[in-house]
Amino acid sequence: MDPSIKTCAQALVMEALEHINQRVSCGESFWMARTAFLSSVADDWVRLYGKDAADQAVRGLHMLAPGEVLDRETKRKARDRRVAECRHDLATLDPTRNTRLNRLWLSWFGVRLY
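Residues numbered from 1 in each chain as written. Predicted model: local features only at pLDDT ≥ 70, side-chain atom pairs only at ≥ 80, totals over all residues. Heavy atoms only, no water.

Draft legend 1. Structural context of the overall build of the protein chain. On a plain count of helices and strands, the protein chain comes out with six helices and zero strands. Order of helices (α) and strands (β) in the protein chain, N terminus to C terminus: α-α-α-α-α-α. Its C-alpha radius of gyration of 19 Å places the protein chain more than 25% over the 13 Å reference for a compact globule of 114 residues. Based on the C-alpha atoms only, the size of the protein chain along its principal axes is roughly 60 × 20 × 20 Å. Of all 114 residues assigned to the protein chain, the portion counted as buried reaches 27%. Considering only contacts within the protein chain whose residues lie at least 6 apart along the sequence, 54% involve residues at least 24 apart. Looking at the protein chain as shown, the accessible area adds up to about 7,600 Å², and 57% of this sits on carbon and sulfur atoms. Taking the 18 positively charged and 15 negatively charged side chains of the protein chain as two groups, their mean positions are separated by 10 Å. (Helix = DSSP H or I, 4+ residues; strand = E, 2+ residues; numbered from the N terminus. Rg over C-alpha atoms; globule rule 2.2 N^0.38 Å. Buried < 20%, exposed > 50% of the residue type's maximum accessible area, 1.4 Å probe, protein only. Contact = heavy atoms within 4.5 Å. Areas by Shrake-Rupley, 256 points an atom, 1.4 Å probe, with all protein chains shown as cover. Lys, Arg positive; Asp, Glu negative; His and termini not counted. Charge placed at Lys NZ, Arg CZ, Asp CG, Glu CD.)

Structure (structure tokens):
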């Protein structure tokens with residue numbers, strides 16, 4: 001692969017990561033943010049940088065997991081939102097499972113125990 005294509009694809013991935021981080025920190029899920037961003041810029045990338053560079057960048061983005069992409073602050077915000085949603089669901093939708101153990105587990109690990 002041509003080094004200029006690799007460099008261009010890396011620059012596109014870095015641009016995408018900044019936008020995805022911004023959208024996730026505003027409350028959108030990682031998967032939705034990635035899909036929405038790629039659908040909005042895919043045609044422009046192909047037109048401006050060529051099919052090879054755009055294809056390489058999109059494949060690179062699809063290979064990355066949320067833990068590899070999001071910065072520490074964005075991960076913390078997303079986890080806090082998920083915990084708040086889960087607490088609300090426990091209290092309103094499933095009050096029989098709103099036990100001290102379940103709430104403690106939720107505060108420690110960010111997910112319900114049962």
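After presenting the structure, the write-up continues.
Draft legend 2. Broad picture of the packing of aromatic side chains. One pass over the structure, following the stated rule, counts four aromatic pairs. For the ring pair Phe30 and Trp31, a centre distance of 4.8 Å and an interplane angle of 80° mean the geometry is edge-to-face. Both rings, one in Phe37 and one in Trp45, keep their centres 6.0 Å apart while their planes meet at 70°; by these two values the pair is edge-to-face. Through a chain of ring-to-ring contacts, the aromatic side chains of Trp105, Trp108 and Phe109 assemble into a single cluster. (Phe/Tyr/Trp six-rings, centres within 6.5 Å; stacked < 30°, edge-to-face > 60°.)

Draft legend 3. Region of interest: the confidence of the model for the protein chain. In the predicted model, the protein chain carries a mean pLDDT of 91, and the fraction of residues at 70 or more is 99%. No element of the protein chain has a lower mean pLDDT than helix H4 (residues 66–69), at 88, and none a higher one than helix H2 (residues 30–49), at 95. (pLDDT = per-residue confidence, 0-100.)

Draft legend 4. A look at the environment of Lys77. Within the fold, Lys77 resides in helix H5 (residues 72–92). C-alpha separation for the pair Lys77 and Ser25, spaced 52 residues apart in sequence, amounts to 6.4 Å.

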